[in-house]
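# Inside the fold
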Amino acid sequence: TIESVRVILREDYLESVPSGVSWQGLSEVYHETLVSRAPEELTFKVKLPSNPWLDLHIGTFEDGPVTFRVRALIKDGGPNGGSTAVTLFERTLTRPHRWEPAPVDLSAFAGKKIVLALGLESASHASSSHDAASAGAVGFWGSPVVRERSPRLHDGAPRGVVVVWADTLRRDHLQPYGYTRPTSPNIAKLAAGGTLFEDCIGQATWTKVATPAMMTSLYPATNGVREFFDRLPASATTMAEVFRDAGYATVSYSSILFTGQMTNLHKGFEEVDESGSLPDEESSKTAREYVDRLLPWIEAHKDGPFFVFLHVSDPHDPFKPYPPYDTLFNDGAKAEEHERQAEAAKKFIADPLLKDFGMPSRDELVKAGIDADAYTAFNEGWYDGSIRGMDAEIGRLMERLRTQGLLDTTLVVFTGDHGEEFLEHGRSFHGQSVYGELNDVPLIFHRPGAVPAGVRVPETVETIDIMPTILGMSGLPIPEEAQGQSLIPLLAGARAQGGTGTAAAAEPAWTPRPAISEKAPTKMTDGAPPPHDTESFTIVEGGWKLIRNSKRAAGAPEFELYDERRDPLNGHDVAAGHPDVVDRMAKELAAWRSNAEGARLAPDSETNKTLKPEDLERLRSLGYIR
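Residues numbered from 1 in each chain as written. Predicted model: local features only at pLDDT ≥ 70, side-chain atom pairs only at ≥ 80, totals over all residues. Heavy atoms only, no water.

### What to know about the packing of aromatic side chains
On inspection of all chains with the given rule, the structure shows 23 aromatic pairs. Measuring from ring centre to ring centre gives 5.8 Å for Phe197 and Phe445, while their planes differ by 70°; the resulting arrangement is edge-to-face. Here Phe197 is found in strand S12 (residues 195-201), whereas its partner Phe445 is found in strand S20 (residues 443-446), with 248 residues between them in sequence. When its relative accessible area of 0% is taken as the criterion, Phe445 is described as buried. Ring geometry for Tyr435 versus Tyr562: centroids 6.3 Å apart, planes at 85°, classification edge-to-face. Separated by 127 residues along the polypeptide, Tyr435 in the loop between strand S18 (428-429) and helix H11 (436-439) and Tyr562 in strand S25 (residues 559-563) bring together distant segments of the chain. With relative accessibility at 4%, the residue Tyr562 sits in the buried group. One aromatic cluster is present, formed by Phe243, Tyr248, Phe269, Phe307 and Phe309 through successive ring pairs. (Phe/Tyr/Trp six-rings, centres within 6.5 Å; stacked < 30°, edge-to-face > 60°. Helix = DSSP H or I, 4+ residues; strand = E, 2+ residues; numbered from the N terminus. Buried < 20%, exposed > 50% of the residue type's maximum accessible area, 1.4 Å probe, protein only.)

This is the structure in structure tokens:
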């Protein structure tokens, strides 16, 4: 018998927790997994809650039949201390490289202490031949967790939390932020039924760096993820880990490799659908596919607490959306000519990465003999069409929450990682600067009865504030090292106005403070966006936005200053006219940088030296350290 399981369940129901879970994938969908070989049987003792079920996925990479069997071993009360075995589940798989949901009802044993046995049998062990070629067939028990239906939660806490992380989404291209094109009717409904933050600043302007900041509530300068190959240290606490440790089912849908295992952002998730699991990895349009997967997942987990990270990348290039959105804002007859121009422009793009993505600057378009404004306008039409396609899927998600009776019990947070440049500063793409088109992101909270409806909050906030807000609303502990602050006081101030108008004056618990965004130097040899030898930080406070270009091209200014509210795209530098503001904010920025870098997490290579061998091996088995 192999006793192995982190498994399983909320800690207050768990009698013993041996080790042995690993991180396994089938067709690029990954689970925290128990791995066994036929005819082994994994056993573990559990005390079951009042309305229990076993949440389980099963899979194999074997070509031959593999049978999975779940049994309950119950003491029969006899003088010899024997037990009775009850088979609860049996299923034979003949198709490899995919997971099958395999929920097991345990309600017959509610409140009892039992031994659960997970047994595996291959064809060879079912016969007398014991063919060596098929002996020891491997089976995967994916995310085996005993859950309770309708558990008691913290008073007022949401039953479910869904964070929609929209990639490359400019807030100024959304209707609730004043955009005139009808790109986002469903997101507008979400905002009308919830609270919209008018001025949310993202902490980085490309996904690799922005996502860990939001998930840990740590600035990039502190969590250490600033380059293409950086990984979040295992010592960091993610929002998913807090939810999982509280007994929530956790799932992540990752549209780009940056938001999955590559960055160590699978930490805390029982299931991660990596971008490699998508049917077309060349397409950025992922919302439809992932909402298709999410809806049955919610259906399976709706009776218990759940946390969803839904990363959708529809606005990301390639911009061309699928029908009917490809002709919603563009003349379809001109698409072929636009694509011809895109290929022609590539010959003039100097940077290898931008050439690969087909992202010309204004100067490069001029050199190619292409009307830069008309070319970019066509790209924006496709970009807006892609937003509308994504918006339809957000509408489908909200519809399902409503029809399943989950709308009032589910907190939905809609936000974005960064924006996109459309030649506002002469460039295309993202990650290249800290201008407003890149770090001004949407932020909407929605939960009827708990989040005020129809409210717009004008205070400047940051994406690192999302984690402490969600955890606070869920009655869960906020990690001590978190650098963001909860937005609950601003939501409470909005509620005091009866859900109309702008937010009331901030309560004492809310401390107005600067918002920071950073662009670090990157290596030419990896896939990080150019320019590689520049470094910029921005601080937003009191309606001003100061940019310090600490490493810059020859002739570029060290400081730039903008009227952030009147000039959100940072088109008119007023630093020369306000030297006092520049000096004051530069000192604040320097102090912030000293504090953030002083709190930087130690890399795993350092913390590994203090870990016990068994803890080190466990972290390696889960892929948290290498």
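### Here we look at the nonpolar core
The biggest cluster of nonpolar side chains holds 52 residues, and the ones touching the most others in it are Val163, Phe197, Met239, Phe243, Leu443, Phe445 and Ile470. Among the elements that make up this core, the one with the highest residue count is helix H12 (residues 466-473) (five residues). Once residues within four sequence positions are removed from consideration, Val163 is found in contact with Met214, Met239, Phe307, Val308, Phe309, Leu310, Val413 and Ile470. If you look at the next biggest cluster of nonpolar residues, it comprises 46 residues, including Leu174, Ile187, Leu294 and Val412. (Core = buried A, V, L, I, M, F, W, Y, C linked by side-chain atoms within 4.5 Å. Contact = heavy atoms within 4.5 Å.)

### A look at the side chain of Ser254
Following the sequence through the fold, Ser254 ends up in the loop between strand S13 (249-253) and strand S14 (271-273). Accessibility expressed as a relative area gives 0% for Ser254, which makes it buried. Polar contacts involving the side chain of Ser254 include one to the main-chain carbonyl oxygen of Ile256, which spans 2.9 Å. Polar side-chain contacts of Ser254 include one of 2.5 Å to the side chain of Thr259. Setting aside its immediate chain neighbours within four residues, Ser254 contacts Thr259, Gly260, Asp273, Glu274, Ser275, Tyr290 and His311. (Polar contact = N/O pair within 3.5 Å; in protein donor to acceptor, adjacent residues only side chain to side chain.)

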